[in-house]
Amino acid sequence: MSSETGSSKDVSEEHLPHKQDPGAVTVADDPFADPGLPAHEPRKQDIDERAAKRSERVVTLLFALSSVATVGFIVSYLLIPIDKIVYIWPFGHVSGLNFALGWTLGLALFCIGAGAVHWARTLMSDEEVPDERHPIAASPEVKAAVLEDWRAGTQESGIGFGRRKMMRNSLLGAMALVPLSGVVLLRDLGPAPGDKLFHTKWEAGKRIVNENTGLPLRPEDITVGSLTQAMPEGMDLHDHDFHSEIAKAAVMLVRLEPADIKDEQSADWGHEGILCFSKICTHIGCPATLYERQTHHALCPCHQSTFDLSDGARVLFGPAGHPLPQLRITTNEDGELVAMGDFAEPPGPSFWERG
Amino acid sequence: MSTATDAPKSAPRRGGKAPAGERVADWADGRVGVYSLAKANMRKIFPDHWSFLLGEICLYAFVIIILTGVYLTLFFVPSMAEVEYEGSYIPMQGVLMSEAYASTLDISFDVRGGLLMREIHHWAALIFVVAIFFHMMRVFFTGAFRKPREINWLFGFLLLLLAMGTGLTGYSLPDDLLSGTGVRFMEGAILAVPVVGTWLQMFLFGGEFPGYDIIPRFFVVHVLLLPGLMVGLIVAHLILIVFHKHTHFAGPGRTNSNVVGMPLFPVYAAKAGGFFFLVFGLIAMIAATTSINPVWVLGPYRPDQVSTNAQPDWYMGFSEGLVRLMPAWEIVLFDSYTLNLGLLTPLVVLPLMLGALALYPFFENWVTKDQREHHIAERPRNAPTRTAFGVAWLSWYFIALVAGGNDLWAINFGLSINSITYFGRVAFFVVPVVVFIIVRRICLGLQRRDRDKVLHGRETGIIKRLPHGEFVEVHEPLSQEKLYALTAHDQHKPAELPAATDANGVTRKVGVVEKVRVRISRSYFGDSGQVAKPTAEEYREITSGEGHHH
């Protein structure tokens with residue numbers, strides 16, 4: 001790289017400006033000529049030993065402060081209980097240990113940095129030195145020699161200049177195929193999609209239970225203007241597949257005045273104005289449960305897709321591509337709300353095979 | 001090591017033995033050749049400019065992230081197995097949660113200093129990407145990506161992508177309600193890929209969302225795969241910096257064929273090394289005082305729950321914005337296949353946006369056909385079209401970033417979320433164009449001002465009254481140093497189409513591509529694209545008439 005230029009021992013200070021300085025003649029010739037590196041101006045510390053001493057003391061003080069901070073870190077670690085909450089203005093109630101450890105560590109590090117930089121700026125030489133650059137590209141001679149070597153190498157390998165093409169090509173073929181094994185090995189990363197995304201836990205007669213209490217819901221539990229979060233009965237948080245299933249099966253129930261329901265099929269699929277929609281947004285799958293009782297709009301907090309629950313969960317605004325699927329519901333002989341089957345279409349974000 | 005250079009070789013030594021440092025260096029030299037290495041690099045010159053520190057911040061943030069990250073892996077359990085929380089954070093006691101979330105709570109509440117390490121890790125990650133952005137801006141706006149540094153620009157760009165990927169997989173690990181929502185978003189985006197999306201989703205998650213595989217898999221990507229790639233790229237990036245030698249700004253004695261600055265040992269080493277500690281110390285103080293990602297207030301992830309203000313970390317905000325800006329476009333093909341353009345469009349626009357940035361150096365080189373090496377950092381005003389493109393890109397990015405937080409803007413400024421979104425849809429196309437035009441004009445104006453300063457000198461603010469009553473402002477001629485610095489940049493000439501017929505009168509065929517190139521070159525370097533810098537003749541003409549006023 002720059003082995004012959006790196007050492008500044010040979011670049012002594014007196015020969016710098018002269019070499020760069022094109023001299024007065026050239027300046028007159030070209031008013032914009034490079035005047036060369038300006039002469040070095042000494043700092044206070046370079047000429048005043050007392051100023052230099054002062055800098056030295058500041059640097060030493062900073063390094064000493066860092067040591068004190070490190071001791072403070074260790075002491076804080078040992079003495080401050082981890083659950084101690086302290087009030088510190090203006091931060092409020094904070095963890096005493098975190099605060100102490102952070103500040104002592106921060107100070108210990110910062111003071112080392114400040115000391116080193118102050119040392120470099122005030123006490124180390126601040127004389128700027130030029131270093132010549134060399135073209136990155138090789139000289140034509142080097143290039144010719146390399147090409148010659150390459151030719152010799154291919155010649156010696158026995159496949160140079162179009163010879164033994166079959167051997168070369170079979171190697172290329174084998175090399176191209178080898179990574180396939182790695183690709184094949186990835187197959188078991190996951191199962192085939194099959195119809196997994198099309199089905200949920202809902203089926204005919206399955207009771208709708210309150211998500212929080214786990215109790216079956218009755219029509220009288222759902223008042224006009226309210227939104228109730230629910231799920232199919234028989235799901236337990238401890239189940240291995242709970243999260244995967246709730247990610248598809250979670251629903252919300254709203255009750256509208258039957259006259260307010262604009263979509264006939266939607267009214268049909270409900271029960272006495274109680275409508276049961278998938279609460280999984282059809283955009284990317286956040287629960288779209290910010291409900292506005294006056295307008296019957298359900299808003300997804302993630303990307304603001306807005307669904308009109310009085311009109312078959314039609315998309316009013318935002319990036320969701322289709323309405324929230326509605327679950328057909330009725331009541332069983334005990335007067336509890338039940339599903340009449342699974343969703344007619346897959347809930348959640350759309351996918352290629354969804355159709 | 002220092003003793004090795006301090007001790008003159010011929011100086012007599014006590015006991016005839018070299019100092020310990022020199023003996024260690026001798027030992028190493030016999031095995032790895034440290035003296036040759038040191039000769040080439042120990043006094044290597046690094047130029048000084050505040051903007052050159054931005055890249056250093058990136059490097060130091062990366063080191064800090066690795067240090068704190070290794071510590072966190074000692075306690076973090078990358079598992080989605082459900083456990084009942086029994087740690088000391090009372091509000092969560094008895095709650096069923098994944099081991100990932102439980103161990104994150106343990107790091108925060110039961111490991112002394114664990115919370116601090118988590119916060120330093122997260123803050124350093126945010127600062128890392130900020131610093132990469134500013135570092136890239138410095139390189140872009142000074143044209144430091146030009147030959148021979150195009151490859152290093154690409155390395156840096158890849159590091160940006162990897163940093164974003166590592167951040168994304170990292171903040172998904174705690175499995176809290178917010179990060180789980182982010183993972184759900186990823187699932188939705190993958191499902192939107194035509195034909196293979198469902199398969200990809202099944203493969204990534206090991207089954208249906210969320211399953212039990214995604215966090216262990218993200219963990220290994222986050223702590224091994226991506227950081228490993230980044231270490232390799234960073235080393236390559238640094239080797240190329242040393243090999244090319246740093247760019248510097250034009251100034252007296254600073255030319256395209258030299259580099260002026262301070263030697264690596266001791267000045268640059270002390271400054272750069274000290275700067276590492278400054279950065280680390282500041283981040284530690286930020287972490288001590290400013291809480292970041294307090295996952296304990298959110299609770300564990302459940303697919304049927306969500307919190308408002310669901311925002312990704314800032315560097316993914318623009319992708320979030322692209323998604324939020326999209327209208328609800330969904331097409332069903334042949335009655336059986338769904339094309340989710342609402343997600344697919346951002347998935348395509350995002351790489352195009354980033355790609356435009358990555359490939360700009362090659363575009364500019366295609367326009368200029370410049371084969372020379374460039375080691376002088378240009379002033380942004382001297383490349384108006386490039387600067388305008390860069391700022392327009394930033395405004396584009398910024399619009400997407402704002403749109404990514406449209407709910408926050410709506411709440412904090414009492415605005416309608418719908419209006420913000422509609423505004424963003426228009427602004428995404430309009431603002432970059434307007435910004436481009438304005439910035440280009442500002443650059444040209446600044447070029448004109450430089451020209452005036454060179455030709456007429458600096459305005460002193462001193463008003464002189466002439467004997468006949470006229471008031472004039474006294475202009476002070478610039479110093480030789482200033483004159484040189486303001487005129488050192490070279491200006492490209494606009495490309496010309498070759499003559500319609502060649503020497504023998506035969507019509508020449510000029511390809512469409514070449515015609516386009518000539519047009520672009522004209523807009524870059526023609527009269528409307530740059531202000532000609534003053535020539536020596538112009539200068540002489542004006543200065544010879546000194547004393548006359550115009």
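Just so we're clear, the structure is a prediction, and the values are computed from it rather than from any experiment. (Residues numbered from 1 in each chain as written. Chains lettered and ligands numbered in written order. Predicted model: local features only at pLDDT ≥ 70, side-chain atom pairs only at ≥ 80, totals over all residues.)

(A) Representation of the overall build of chain A in the model. Summing up its helical and strand segments, chain A has 10 helices and 14 strands in all. Taken over the C-alpha trace, chain A has a radius of gyration of 39 Å; the compact-globule value for 355 residues is 20 Å, which it surpasses by more than 25%. Out of the 355 residues belonging to chain A, those deemed buried represent 35%. Long-range contacts, defined here as pairs at least 24 residues apart, represent 54% of the contacts in chain A between residues at least 6 apart. (Helix = DSSP H or I, 4+ residues; strand = E, 2+ residues; numbered from the N terminus. Rg over C-alpha atoms; globule rule 2.2 N^0.38 Å. Buried ≥ 20, exposed ≤ 12 C-beta atoms within 10 Å, placed from the backbone. Contact = placed C-beta atoms within 7 Å.)

(B) The arrangement of the interface of chain B and chain A in detail. Taken together, the contacts link 101 residues of chain B with 88 residues of chain A. Residue contributions to the side of chain B that touches chain A peak at 18 residues, all from helix α11 (residues 264-289) of chain B. When strand β3 (residues 129-132) of chain A meets strand β5 (residues 258-263) of chain B, the two strands line up antiparallel, connected through 4 bridges. Within β5(B), the position partnered with D131(A) by the bridge is V259(B). (Pairing = 2+ DSSP bridges.)

(C) Examining the UniProt feature "domain: Rieske" (unreviewed entry) in chain A more closely. UniProt's feature table lists "domain: Rieske" (unreviewed entry) at residues 248-338 of chain A, given in the numbering used throughout. Measuring from the first to the last C-alpha atom of residues 248-338 of chain A gives 17 Å, for a span that is 9% helix and 33% strand. (UniProt positions renumbered as here; feature names shortened; annotations may be inferred.)

(D) Expanded view of helix α5 (residues 99-109) of chain B. Residues and elements named next belong to chain B. Of all 11 residues in α5, 9 are buried; the element is thus mostly enclosed. Of the residues making up α5, those classed as buried are A100, Y101, A102, S103, T104, L105, D106, I107 and S108. Contacts made by the buried residues of α5 are with α4 (53-73), β2 (82-84), β3 (96-98), α6 (114-141) and α10 (214-244).

(E) View of the nonpolar core. Counting residues in hydrophobic clusters, the biggest one holds 180 residues, and the most contacted among them are A61(B), A124(B), F128(B) and I283(B). Looking at which element gives the most residues to this core, the answer is helix α5 (residues 96-122) of chain A, with 16 residues. For I283(B), the contacting residues outside a window of four places in its chain are I64(B), I120(B), W123(B), A124(B) and I127(B). (Core = buried A, V, L, I, M, F, W, Y, C linked by C-beta atoms within 7 Å.)

(F) How the structure looks around the confidence of the model for chain B. Overall, the prediction assigns chain B a mean pLDDT of 91, with 96% of residues at 70 or greater. When the criterion is pLDDT under 50, residues 1-10 of chain B qualifies, and its contacts beyond four places in sequence or with other chains add up to 11 contacts. (pLDDT = per-residue confidence, 0-100.)

(G) A look at unusual backbone geometry. The omega torsion of the bond from F209(B) to P210(B) falls at -10°, within 30 degrees of zero and hence cis. By secondary structure assignment, the location of P210(B) is in the loop between α9 (197-205) and α10. The peptide bond linking F265(B) to P266(B) adopts the cis configuration, its omega dihedral lying at 10°. Secondary-structure assignment places P266(B) in helix α11. Positive phi, close to 45°, is recorded for R164(A), a residue that is not glycine. Secondary-structure assignment places R164(A) in the loop between α6 (140-157) and α7 (165-177).

(H) Examining the sheet that holds strand β11 (residues 314-317) of chain A more closely. All names here are of chain A. Pairing within the open sheet is antiparallel, and its 4 strands lie in the order β8-β9-β10-β11. Of all strands in the sheet, those with a lone pairing partner are β8 (290-292) and β11, marking the two edges. Averaged over all pairs of adjacent strands, the angle between their axes in this sheet comes to 30°, without regard to strand direction. Of the pairings in the sheet, the one linking strand β10 (residues 306-308) to β11 comprises 3 bridges and is antiparallel in character. In the strand pairing of β11, D308 is matched with R314. (Axes fitted to C-alpha atoms, helices over the stretch in contact; angles between N-to-C directions.)

(I) Broad picture of the sheet that holds strand β1 (residues 45-46) of chain B. The strand order across the open sheet formed by 3 strands is β3(A)-β5(B)-β1(B), and the pairing between neighbours is antiparallel. Of all the strands in the sheet, the pair left with one neighbour each is β3 of chain A together with β1 of chain B. Packing of α11(B) onto the sheet brings it into contact with β1 and β5 of chain B, and relative to β5(B) it is tilted by some 75°.

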